[in-house]
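Observations on the model geometry
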Amino acid sequence: MNDNTTNVLVVGVGGQGVILASDIMSEVFMQAGYDVKKSEIHGMAMRGGIVSSHFRLARRFTPH
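All of these numbers come straight from a predicted model, not from anything done at the bench.

**Notes on the overall build of the protein**
When its secondary structure is counted, the protein shows 1 helix and 3 strands. Per-residue burial for the protein yields a buried fraction of 25% across its 64 residues.

In structure tokens:
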């Protein structure tokens with residue numbers, strides 16, 4: 001990981017829109033020129049359990 005990397009963790013309870021919120025944020029950063037990697041945990045979402053989404057973003061490297 002380098003100094004230009006940012007980690008974002010979105011956490012909530014099933015039904016709060018955690019996955020949708022992280023999808024929207026990831027898309028916005030990709031359109032702004034960032035490389036984005038995303039991971040989700042939502043096994044208990046339907047039962048009111050914990051839902052988390054983690055994404056990492058960094059400026060794209062463009063060779064000259």
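**Here we look at the sheet that holds strand E3 (residues 50-59)**
Taken in spatial order, the 3 strands make up an open sheet running E1-E3-E2, and their pairing is antiparallel. Only two strands of the sheet have a single partner each, and these edge strands are strand E1 (5-13) and strand E2 (34-41). Between one strand axis and the next, the sheet turns by 15 degrees as a mean value, whatever way the strands run.

**Digging into the side chain of Ser-53**
In this structure, Ser-53 sits in strand E3. With relative accessibility at 0%, the residue Ser-53 sits in the buried group. A distance of 2.8 Å separates a polar atom in the side chain of Ser-53 from a polar atom in the side chain of Ser-22. Excluding its chain neighbours within four sequence positions, the residues that come into contact with Ser-53 are Val-8, Leu-9, Val-10, Val-18, Ser-22, Lys-38, Ser-39 and Glu-40.

**Section: the pattern of salt bridges**
Pairing of side chains with opposite charge becomes possible as their charged atoms draw close. A full pass over the atoms with the stated rule returns 2 salt bridges. With a closest N to O distance of 2.6 Å, Lys-38 and Asp-23 form a salt bridge. Taken together, the positions of Lys-38 in strand E2 and Asp-23 in helix H1 (residues 18-31) put the pair 15 residues apart, joining distant regions of the chain. For Lys-38, a relative accessible area of 32% gives the class partly exposed. Given a relative accessible area of 36%, Asp-23 falls into the partly exposed group. Notably, a salt bridge pairs Lys-38 with Glu-40, separated by 2.2 Å at the nearest N-O pair. You can call Glu-40 partly exposed: its relative accessible area is 31%. Within this structure, Asp-23, Lys-38 and Glu-40 form a network of salt bridges that share partners.

Cut-off values and rules
Residues numbered from 1 in each chain as written. Predicted model: local features only at pLDDT ≥ 70, side-chain atom pairs only at ≥ 80, totals over all residues. Heavy atoms only, no water. Helix = DSSP H or I, 4+ residues; strand = E, 2+ residues; numbered from the N terminus. Buried < 20%, exposed > 50% of the residue type's maximum accessible area, 1.4 Å probe, protein only. Pairing = 2+ DSSP bridges. Axes fitted to C-alpha atoms, helices over the stretch in contact; angles between N-to-C directions. Polar contact = N/O pair within 3.5 Å; in protein donor to acceptor, adjacent residues only side chain to side chain. Contact = heavy atoms within 4.5 Å. Salt bridge = Lys/Arg side-chain N within 4 Å of Asp/Glu carboxyl O.

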